Amino acid sequence: TVPGLNAIMGATGSGKSSFLDVLAARKDPAGLTGEVLIDGAPQPPNFKWAFQSRSDDVVMGTLTVRENFSFSAALRLPSSVSVAEKEQKVNTLIQELGLSRVADSRVGTQLIRGISGGERKRTNIGMELIIDPPVLFLDEPTTGLDASTANSVLLLLKRMGNHGRTIILSIHQPRYSIYRLFDSLTLLVTGKQVFHGPAQSALDYFSDIGYTCEPHNNPADFFLDVINGDSTAVAVFNVSKSSRSRRGIEDKLVEEYRSCHFYKQTKAELGGIVQAKPTSGTTTRSGRTITYNTGFLTQFKWVSKRTFRNLMLNPQTGVAQVAVTLFLALVVGAIFYDVQDNQSGMQNRFGALFFVTVNQCFSSLSAAELFISERKLFIHEYISGYYRLSVYFLCKVLSDIITLRTIPALVFSCVAYFLIGLKPTVEAFFLFMFTVMLVAYTATSMALAISADQTVVAIANIFMTIACVFMMIFAGLLVNLTSIASWLAWLKYFSIPRYGLSALQANEFTGLYFCHGLNDSIIPPGLACTGEEFLTEQGVDYSPWGFWQNHVALGVMIICFLTITYLKLRFIRKFS
């Protein structure tokens, strides 16, 4: 491959994307043999190359073009490059890509109107060009673009190739104005090469083996017609009926190519490289080494800044969640409004605390999409060396807990606590708030642990709903925990609502008396008059350690769930 525009073409399913993935070290190295050499030598660990998939999901849609470029520059350029130089590089790149008009416009999401398709494609390419890679891989960069926009993108790539950059791209069926920009052409048929050489020599080569392109026909269309066995393209060549089948034509094309001078020339070059290398047995293809140009703190600063900004610019996440939480707090406050210190008040308190606990569990299920929604973006940026896994994990978890769990829990506690009329002491209120927040954190951690390796939010929601319903049974309201058979009783230790409800009950019921106005002589035997008696009936330990052991258990569960989440992200399949 030479500096310039190197195109890989072939019919659908010919292996273009897989071939590109192997070259760019984006393919799982298991089962692959051989080496990808750079100028005849093994790839150095810190070699800078860039890969752009056909997906547009590798930019943050809520940020502007300039902000996306600045993020890439801050994390991928060495620390030795000053901030001013990075800004200058971003500005220069914006001008080179023709994005000056939309530099401060948001890229766009499903809910936010953004820049056009061609501008978005150029923004994706710019994210990789920020590091000045000598080699740039592009997987079908014209997919989804109209002819004019696709032509402008390829003209941009051609200018880059003319300045010494090696660009390797897969492309399906370009029009002629795009085809004539190619310097080198590789044609694939079911994973096998049927041509590799100068793009301008391809027509002459096919003419020499009997396939003549009609005047005014697009060469790219002609090549695909030949490969697919289209009658109009093949009729020119006199072949037997048996070899007119697609399989026969494919075999013939492979055979012809392996006897032509282009193949022999490539074979000779590879032979020289192999002879020059020291023999060390069979060489196995190794995976690409991920290197980082910035330290942990720099990465943490920029990733957390982008994560929080993305949340703030997505009002449907934060604002909607707080609004729903406020509505639920008003509803539960209205239903259990001003509970009394009598027998019905005891039942109402128990019901209110159960609702508060279960509501925190189910409202935390929205955390399922935290890693699923940005899965492609995370994998692309992680493999490209933007940031360490630990940085991404910490930033996402902290942003979700602070904005989407803590604030709603505070709002809910402040509204519901006083409307219901729970114990009017400062200590009891803050312990209530702390417990509610801890339940929300634990349920969120469980949601993350379940969904971290899932690709579909709906599947993750099914698993989490089943888990929450199962844990709700052992919370202490639907069944008395002291009456559960011993061979099933151990399941209560895995119930998040049970720990939350036990702590809230111990906080609320201790010190309360529920038999006001009743003569001691007429109180039915077995009727719980004090909060402590009620807690004993429920099997709740209201001693100081009995209260705090619930929080310790929730804390341990948070650590376990987050560890599982981290390990799932660490071993998630990052290669195709």
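Definitions and cut-offs
- Residues numbered from 1 in each chain as written.
- Predicted model: local features only at pLDDT ≥ 70, side-chain atom pairs only at ≥ 80, totals over all residues.
- Heavy atoms only, no water.
- Helix = DSSP H or I, 4+ residues; strand = E, 2+ residues; numbered from the N terminus.
- UniProt positions renumbered as here; feature names shortened; annotations may be inferred.
- Phe/Tyr/Trp six-rings, centres within 6.5 Å; stacked < 30°, edge-to-face > 60°.
- Buried < 20%, exposed > 50% of the residue type's maximum accessible area, 1.4 Å probe, protein only.
- Lys NZ or Arg CZ within 6 Å of the ring centre and 35° of its normal.
- Pairing = 2+ DSSP bridges.
- Polar contact = N/O pair within 3.5 Å; in protein donor to acceptor, adjacent residues only side chain to side chain.
- Contact = heavy atoms within 4.5 Å.
- Core = buried A, V, L, I, M, F, W, Y, C linked by side-chain atoms within 4.5 Å.
- Patch = residues over 30% accessible without salt bridge, like charges linked within 9 Å, V, L, I, M, F, W, Y side chains within 5 Å.
- Areas by Shrake-Rupley, 256 points an atom, 1.4 Å probe, with all protein chains shown as cover.
- Salt bridge = Lys/Arg side-chain N within 4 Å of Asp/Glu carboxyl O.
- Right-handed = clockwise from strand over helix to strand, strands pointing away.
- Expected span 1.5 Å × (residues − 1).
- Bend = angle between axes of the 7 residues up to and from the residue.
- pLDDT = per-residue confidence, 0-100.
- Axes fitted to C-alpha atoms, helices over the stretch in contact; angles between N-to-C directions.
- Parallel < 35°, antiparallel > 145°, perpendicular 65-115°, else oblique.
- Nonpolar A, V, L, I, M, F, W, Y, C, P; charged D, E, K, R; others polar.

(A) Summary view of the environment of Asn 342. Tracing the sequence through the fold places Asn 342 in the loop between helix H13 (315-335) and helix H14 (343-363). When the C-alpha positions of Asn 342 and Cys 529 are compared, they lie 8.4 Å apart, and in sequence the two are 187 residues distant.

(B) Molecular detail of the UniProt feature "transmembrane region" (unreviewed entry) in the protein. Annotation from UniProt places "transmembrane region" (unreviewed entry) at residues 318-339, 351-372, 378-395, 402-422, 428-450, 462-490 and 547-567. Across residues 428-450, helical content stands at 100% and strand content at 0%; the span's end C-alpha atoms are separated by 33 Å. The distance from the first to the last C-alpha atom of residues 462-490 is 24 Å, and the span holds 55% helix and 0% strand.

(C) Quick peek at the packing of aromatic side chains. According to the stated counting rule, one finds 30 aromatic pairs in the structure shown. On the numbers, 5.2 Å between centres and 70° between planes, the contact of Phe 429 with Phe 430 is edge-to-face. Note on Phe 429: relative accessible area 9%, which makes it buried. Under the relative-accessibility criterion, Phe 430 is labelled partly exposed at 49%. Here a set of aromatic residues connected by ring pairs shows up, and it is made of Tyr 179, Phe 182, Phe 195, Tyr 205, Phe 206, Tyr 211, Phe 222, Phe 223 and Phe 262. Residue placement shows Arg 306 over the ring face of Phe 71; its charged tip is 4.0 Å from the ring centre.

(D) The pairing of strand S5 (residues 135-139), seen in detail. In terms of burial, S5 is a largely internal element, five of the five residues being buried. Judged from the five bridges that link them, S5 and strand S6 (residues 166-170) form a sheet pairing that is parallel. Note that in S6 the partner of Leu 136 across the bridge is Ile 167.

(E) A look at the side chain of Ser 170. On the secondary structure map, Ser 170 appears in strand S6. A polar side-chain atom of Ser 170 sits 2.7 Å from a polar atom in the side chain of Asp 139. The residues touching Ser 170, leaving out its near neighbours within four places in the chain, are Ile 8, Lys 16, Leu 20, Leu 138, Asp 139, Glu 140 and Pro 141.

(F) Spotlight on the nonpolar core. Membership of the largest hydrophobic core comes to 146 residues, with the highest contact counts inside it found for Leu 157, Phe 182, Leu 185 and Phe 206. For this core, the element with the highest residue contribution is helix H18 (residues 426-451), accounting for 16 residues. Beyond its immediate stretch of four places on either side in the chain, Phe 206 contacts Leu 187, Phe 195, Tyr 211, Phe 222, Phe 223, Val 226 and Leu 253. Leu 20, Ala 24, Val 135 and Leu 188 belong to the second-largest nonpolar core, a separate cluster that totals seven residues.

(G) View of a nonpolar patch on the surface. Taken together, the side chains of Phe 296, Leu 297, Leu 394, Leu 398 and Ile 402 make up a nonpolar region of the molecular surface, amounting to roughly 450 Å² of accessible area. Secondary structure elements with two or more residues in the nonpolar patch: helix H12 (296-312) and helix H17 (389-420). Take the nonpolar patch: its biggest share by element is three residues, from H17. By the secondary structure assignment, Ile 402 is in helix H17.

(H) Seen up close, the pattern of salt bridges. The final tally for this structure, using the stated rule, is 13 salt bridges. Two residues, Glu 381 and Arg 306, come together in a salt bridge whose shortest N-O distance is 2.8 Å. With Glu 381 in helix H16 (residues 375-383) and Arg 306 in helix H12, the pair connects residues that are 75 residues apart, well separated along the chain. In terms of burial, Glu 381 and Arg 306 fall into one category: buried.

(I) Seen up close, the pairing of S6. Where burial is concerned, most of S6 is hidden: five out of the five residues are buried. Taken together, the five bridges between strand S1 (residues 4-10) and S6 define a ladder with parallel strand orientation. Along S6, the bridge assignment pairs Ile 8 with Ser 170. Where the polypeptide runs from S5 across helix H5 (residues 147-162) and back to S6, its parallel neighbour, the crossover connection is right-handed.

(J) Representation of H17 in the model. Taking 1.5 Å per residue, 32 residues should reach 46 Å; H17 reaches 44 Å between its end C-alpha atoms and fits that length. The largest bend in H17 comes to about 30°, at Ile 401. Positive backbone phi, approximately 85°, marks Gly 421, located one or two places after H17.

(K) Here's a closer look at the confidence of the model for the protein. Overall, the prediction assigns the protein a mean pLDDT of 83, with 89% of residues at 70 or greater. With pLDDT under 50 throughout, residues 238-243 is counted as low confidence; its partners more than four residues away or in other chains account for four contacts. Under a pLDDT of 50 for its full length, residues 281-285 has, in the predicted model, 13 contacts with residues more than four places off or in other chains.

(L) A look at the environment of Gly 98. Residue placement: Gly 98 occurs in the loop between helix H3 (83-96) and helix H4 (117-129). Its relative accessible area of 44% is what places Gly 98 among the partly exposed residues. The sequence separation of Gly 98 and Leu 156 amounts to 58 residues, and the corresponding C-alpha distance is 9.2 Å.

(M) Expanded view of the packing of H18 against helix H21 (residues 496-509). Packing of H18 against H21 brings their axes to within 10 Å, and their N-to-C directions diverge by 180°. Between H18 and H21, the angle is such that the two are roughly antiparallel. In contact with Ala 428, Leu 431, Phe 432, Thr 435, Val 439, Thr 442, Ala 443 and Met 446 of H18, H21 contributes Ile 496, Gly 500, Ala 503, Leu 504 and Asn 507. Its residues assigned to classes, the contact of H18 with H21 shows nine nonpolar, four polar and no charged.

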